[in-house]
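# Structure at a glance
Here are the chains, one letter per residue:
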Amino acid sequence: MNFNDIKDMDNEYIANTYARFDIAIKNGRGSTLYDYDGKKYIDFSTGIAVNSFGVCDTLWENAVIEQATKLNHVSNLYYSLPQAKLAKMLCERTNMKKVFFANSGAEANECAIKTARKYSSDKYGKDRYEIITLKNSFHGRTIATLAATGQDVFHQNFGPFPLGFKYVTANSIEEMKEAMTDKVCAVIMEMVQGEGGVMPLDKKFVEETYKMALEKDILVIIDEVQTGNGRSGSLYAYMQYGINPDIVTTAKGLAGGLPFGAILFGEKTKGVLSFGDHGSTFGGNPICANAAISILSRIDDKLLEEVKEKSKLIFDYMSGCKNVLSVDGLGLMIGIKTTKNAKDIVKECLNKGLIVLTAKDKIRLLPALNISYIDLQNGLQILREVIEG
Ligand SMILES: *Cc1c(COP(=O)(O)O)cnc(C)c1O
């Protein structure tokens, strides 16, 4: 099979939902990828923050293979060691109290929305169901998480949406205060708006929102689907904002390349869901769970220090370059605004053997947490040439 055969087959048989770039990756290792012509790429995208330790990382492979040869799946009617072990690990490292396992970010947020509404309906009755979300946010592609997503471009053609979502301008404490009426049960936020253009929230805004929510018993849900699992330079990004969320959702990088999601419940929410309230056929799959145990156990203080160091290196290298307007982000989740068209930059980088992403009008970098300094330097050099050229 050469590239054109794959492209033709894809175009004929796969729904046209993705504006694909003209490339198919065949294999790779770490932060090095190869296409079907044997061309080599440095990867600054990790499959959109999924391959936390790059492609076919040996320790990750071992965790997956070990479990795959023991038990590939078991229904949630029975106890399962990898799930229980992973849940314990997640709780111990976050101070959260309980976990539900899902398969994706959208599903994790669906579960968070259901939990917030049940918490409120148990305690306050039926009318306190509204959820505040931020403008420019992204929370997923299901109908409810699309409604929670504060970007109109995603809403066209898919209505009607479930009621009860309202949108507040990010970093506007005034608007947030006004929105927190007695009909509101929860607020959901990304600490860094990823799809929205890699926009970190102001510390003051997050602190004030948290304080106001606490006073009114409004639950704070933090969407760590993209920022989570070491990406931000801490295990979860909220840890850098000094808050204790009631619910944390995560997915993308959690199992290092397998579909997996988790919802972490705090003290207030740990008992909200009971028998029959929620479920998932695949959620907590043992192979995914074992992969996640391997990933989480490697995200220690040393690795997080390294993430911060690499982050600083990228900021220092790219800030002030010709045609660069701004560099934003947290840890190894970085957005670069330039005077050029972002898609054109991506295409030129691909030609030169570097894979980068876009987020709105920015270039988005999401390299592997363990990318080598050499790969990082070489990739940045290509990116700079392209942006300055
Ligand atoms: C990617 C993403 C989602 C959706 O995750 P899926 O696994 O694609 O369903 C939700 N929230 C945020 C912040 C994301 O970045």
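Residues numbered from 1 in each chain as written. Predicted model: local features only at pLDDT ≥ 70, side-chain atom pairs only at ≥ 80, totals over all residues. Heavy atoms only, no water.

## Some details on the state of the cysteines
This structure, assessed with the given rule, holds zero disulfides. For Cys91, which is in no disulfide, the shortest distance to another cysteine sulfur is to Cys111 and amounts to 13 Å. For Cys91, a relative accessible area of 16% gives the class buried. Distance from the sulfur of Cys321, which forms no disulfide, to the nearest cysteine sulfur (Cys349) is 12 Å. (Disulfide = S-S within 2.5 Å. Buried < 20%, exposed > 50% of the residue type's maximum accessible area, 1.4 Å probe, protein only.)

## A short note on the sheet that holds strand 13 (residues 324-330)
Sheets are built from strands that pair by backbone hydrogen bonding, the pairs being arranged parallel or antiparallel. Pairing in this open sheet of four strands is antiparallel, and the strands run 13-14-17-16 from one edge to the other. A single partner strand is all that each edge strand has here, and the edge strands are strand 13 and strand 16 (357-359). Taken over all neighbouring pairs, the strand axes of this sheet differ in orientation by 30° on average, direction set aside. With three bridges joining them, strand 16 and strand 17 (residues 362-365) adopt antiparallel strand pairing. Within strand 17, the position partnered with Ala359 by the bridge is Lys362. Each of strand 13, strand 14 (333-338) and strand 17 is contacted by helix 10 (residues 301-318), which is oriented at about 170° to strand 13, the strand it contacts most. (Pairing = 2+ DSSP bridges. Helix = DSSP H or I, 4+ residues; strand = E, 2+ residues; numbered from the N terminus. Axes fitted to C-alpha atoms, helices over the stretch in contact; angles between N-to-C directions. Contact = heavy atoms within 4.5 Å.)

## Brief notes about the site of the ligand
Around the ligand, the neighbouring residues are Ser104, Gly105, Ala106, Asn109, Phe138, His139, Gly140, Glu190, Asp223, Val225, Gln226 and Lys252. Here Gly105 contributes a backbone N or O atom positioned 2.8 Å from an oxygen atom of the ligand. Between the ligand and Phe138 there is a distance of 3.3 Å, counted from a nitrogen atom to a backbone nitrogen or oxygen. Coverage of the ligand by the protein amounts to 81% of the 380 Å² it exposes when considered alone. No other element matches helix 5 (residues 105-124), which puts three residues into the shell around the ligand. (Near = heavy atom within 4 Å. Polar contact = N/O pair within 3.5 Å; in protein donor to acceptor, adjacent residues only side chain to side chain. Areas by Shrake-Rupley, 256 points an atom, 1.4 Å probe, with all protein chains shown as cover.)

## Digging into unusual backbone geometry
Here the residue pair Gly159 and Pro160 is connected by a cis peptide bond, since its omega of 0° sits within 30 degrees of zero. Secondary-structure assignment places Pro160 in the loop between helix 6 (143-148) and strand 6 (165-168). Here the phi dihedral of Asn95 falls at roughly 70°; this positive angle occurs in a residue that is not glycine. Locating Asn95 in the fold gives a position in the loop between helix 4 (81-94) and strand 4 (98-102). For Asn95, a relative accessible area of 61% corresponds to the exposed category.

## Points about the pairing of strand 11 (residues 247-250)
Side-chain alternation along strand 11 places Ile247 and Thr249 on one buried face and Val248 and Thr250 on a second face that is also buried. As judged from the three bridges shared by strand 10 (residues 219-223) and strand 11, these two strands associate in the parallel manner. If you follow Asp223 over to strand 11, its bridge partner there is Thr249. With four bridges connecting them, strand 11 and strand 12 (residues 261-265) associate as antiparallel partners. The partner of Thr250 across the bridge, within strand 12, is Ala262.

## Topic: the environment of Tyr41
Relative to the elements of secondary structure, Tyr41 occurs in strand 3 (residues 40-43). Along the chain, Tyr41 and Asn2 lie 39 residues apart, while their C-alpha atoms are 18 Å from each other. Ignoring any residue separated from it by four or fewer positions in sequence, one finds Tyr41 in contact with Ile23, Ile25, Ser31, Thr32, Leu33, Asp35, Leu350, Gly353, Leu354 and Ile355. A distance of 2.8 Å separates the side chain of Tyr41 from the side chain of Asp35, its partner in a polar contact.

## So, the packing of helix 3 (residues 58-68) against helix 9 (residues 286-298)
Look at helix 3 against helix 9: their axes get within 8 Å of each other, and the N-to-C directions meet at 150°. Regarding the angle of helix 3 to helix 9, the classification is roughly antiparallel. Once helix 3 is placed against helix 9, the crossing between them reads as right-handed. Seen from helix 3, the contacting residues are Leu59, Trp60, Ala63, Val64, Glu66, Gln67 and Ala68; seen from helix 9, they are Pro286, Ile287, Asn290, Ala291, Ser294, Ile295 and Arg298. Partitioned by chemical class, the residues of the contact of helix 3 with helix 9 number nine nonpolar, three polar and two charged. (Parallel < 35°, antiparallel > 145°, perpendicular 65-115°, else oblique. Left-handed = near helix turned anticlockwise from the far one by under 90°. Nonpolar A, V, L, I, M, F, W, Y, C, P; charged D, E, K, R; others polar.)

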